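Coordinate analysis (summary)
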Amino acid sequence: MSALKWIGATLGWTLGGPIGAIIGLALGSLGDAMSDKENLLGNGQAKTQQKRQPNYRRQPNYRTQQQRRSQTTSGDFEVSLLILASVVIKADGVQDQRELDYVRLKFVELYGKDRANKAFRLFKNISSQKVSTRDVCLQIQQMMDHASRLQLLHFLFGIAKADGMVTDDEEDQVQRISNYLGISSRDYSSIKAMFYNSSDNAYKILEIDKTATTDQIKKAYRNMAKKYHPDRVEHLGEEHRKGAEEKFKQVQKAYEFLQKERRF
């Protein structure tokens, strides 16, 4: 299998818009660009896909948006992840090898060594480009379901923390991405708390404050368990369902911590 055929059959809405332009340029920098680009773009289907893309500076109607979000594939998620990972890694002006290793390791865990190596080839070419974070995130926000966007955010915090700390520049960039993706401040704070150590992390993960009653804590846990349940991203494939288990476990740990602290 050539270097990029692995993703061609699974790409949907990312073939058009700003993401499609970034991927096209990245492919053009590869030695086997001509043959693989044709496969990636689906034997002429790219033109049709691109025509279907909305104006990303305007909100599409609700029905169209919901229909397209339901069509998000593993390939769409993977390409979105590669682009946003490149943005976060460059946030502090330095491409730390530990962050690059984290991306590679996570891709190996998700997709296996062979597919991860091919994804990383594409990632390197994406990293050399100047990316319009707003335009990319707006496309993702319009086309990707909420649970998958939360999964993206969780991965990006993991990249920022890979070198042992999250710099102010990296945190600002991740928060900017979160805002562009249409993720609420409460959801952002919940995922952020999973990567920091503080006395009130359990409350932040469950999106409640310290004045919450026992009943409110129980209700919050049920709500967050539903929101972060791995089944919410099963449409992206088993590999992403497994990746989502990490967030789900953090919710469980937060609840268990409060059970012990509150003794209920």
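In what follows, the accompanying structure is described.

Each value, and the rule that gives it
- Residues numbered from 1 in each chain as written.
- Predicted model: local features only at pLDDT ≥ 70, side-chain atom pairs only at ≥ 80, totals over all residues.
- Heavy atoms only, no water.
- Salt bridge = Lys/Arg side-chain N within 4 Å of Asp/Glu carboxyl O.
- Helix = DSSP H or I, 4+ residues; strand = E, 2+ residues; numbered from the N terminus.
- Buried < 20%, exposed > 50% of the residue type's maximum accessible area, 1.4 Å probe, protein only.
- Patch = residues over 30% accessible without salt bridge, like charges linked within 9 Å, V, L, I, M, F, W, Y side chains within 5 Å.
- Areas by Shrake-Rupley, 256 points an atom, 1.4 Å probe, with all protein chains shown as cover.
- Lys, Arg positive; Asp, Glu negative; His and termini not counted.
- Charge placed at Lys NZ, Arg CZ, Asp CG, Glu CD.
- Axes fitted to C-alpha atoms, helices over the stretch in contact; angles between N-to-C directions.
- Parallel < 35°, antiparallel > 145°, perpendicular 65-115°, else oblique.
- Left-handed = near helix turned anticlockwise from the far one by under 90°.
- Contact = heavy atoms within 4.5 Å.
- Nonpolar A, V, L, I, M, F, W, Y, C, P; charged D, E, K, R; others polar.
- Core = buried A, V, L, I, M, F, W, Y, C linked by side-chain atoms within 4.5 Å.
- Phe/Tyr/Trp six-rings, centres within 6.5 Å; stacked < 30°, edge-to-face > 60°.

Side chains bearing opposite charge may pair, as long as their charged atoms lie close to each other. Under the criterion given, the structure shown has 11 salt bridges. Put simply, Asp 187 and Lys 227 hold a salt bridge, and the shortest N to O gap is 2.6 Å. With a gap of 40 residues between them, Asp 187 in helix α12 (residues 185–193) and Lys 227 in helix α14 (residues 214–227) connect regions that are remote in the sequence. Here Asp 187 and Lys 227 have matching classes, each one buried. The partner of Arg 241 in a salt bridge is Asp 231, and the shortest N-O contact between them spans 2.6 Å. Of the two residues, Arg 241 sits in helix α15 (residues 238–262) while Asp 231 sits in the loop between α14 and α15, which places them 10 residues apart along the sequence.

On the surface, a cluster of positive charge is made up of Lys 218, Lys 219, Arg 222 and Lys 226. Within the secondary structure, Lys 218 sits in helix α14.

We now examine the packing of helix α10 (residues 146–161) against α15. At a minimum axis separation of 10 Å, α10 and α15 run at an interaxial angle of 65°. Here α10 lies roughly perpendicular to α15, going by the angle between them. Pair α10 / α15 crosses with left-handed handedness. Residue-level inspection shows Leu 150, Gln 151 and His 154 of α10 in contact with α15, the latter providing His 240, Gly 243, Ala 244, Glu 246 and Lys 247. Here the contact of α10 with α15 is built from residues that sort into two nonpolar, four polar and two charged.

Soluble, globular proteins show a tendency: their nonpolar side chains are buried together. Counting 72 residues, the largest nonpolar core has Ile 83, Leu 84, Phe 107, Ile 140, Ile 159 and Leu 206 as its most contacted members. Among the elements that line this core, the one with the most residues is helix α6 (residues 74–89), at 10 residues.

Evaluated as defined, the whole model comprises seven aromatic pairs. Between the aromatic rings of Phe 157 and Tyr 188, the centroid separation amounts to 5.6 Å while the plane-to-plane angle is 45°, which identifies the pairing as tilted. Residue Phe 157 is found in helix α10, and its partner Tyr 188 is found in helix α12; the two are separated by 31 residues along the sequence. Residue Phe 157 shares its accessibility class with Tyr 188, and that shared class is buried. The interplanar angle of 15° and the centroid separation of 4.1 Å between the aromatic rings of Tyr 221 and Tyr 255 together place this pair among those described as stacked. Of this pair, Tyr 221 sits in helix α14 while Tyr 255 sits in helix α15; the two residues are 34 residues apart in sequence, bridging distant segments of the chain.

Read these as geometric descriptors, not functional statements.
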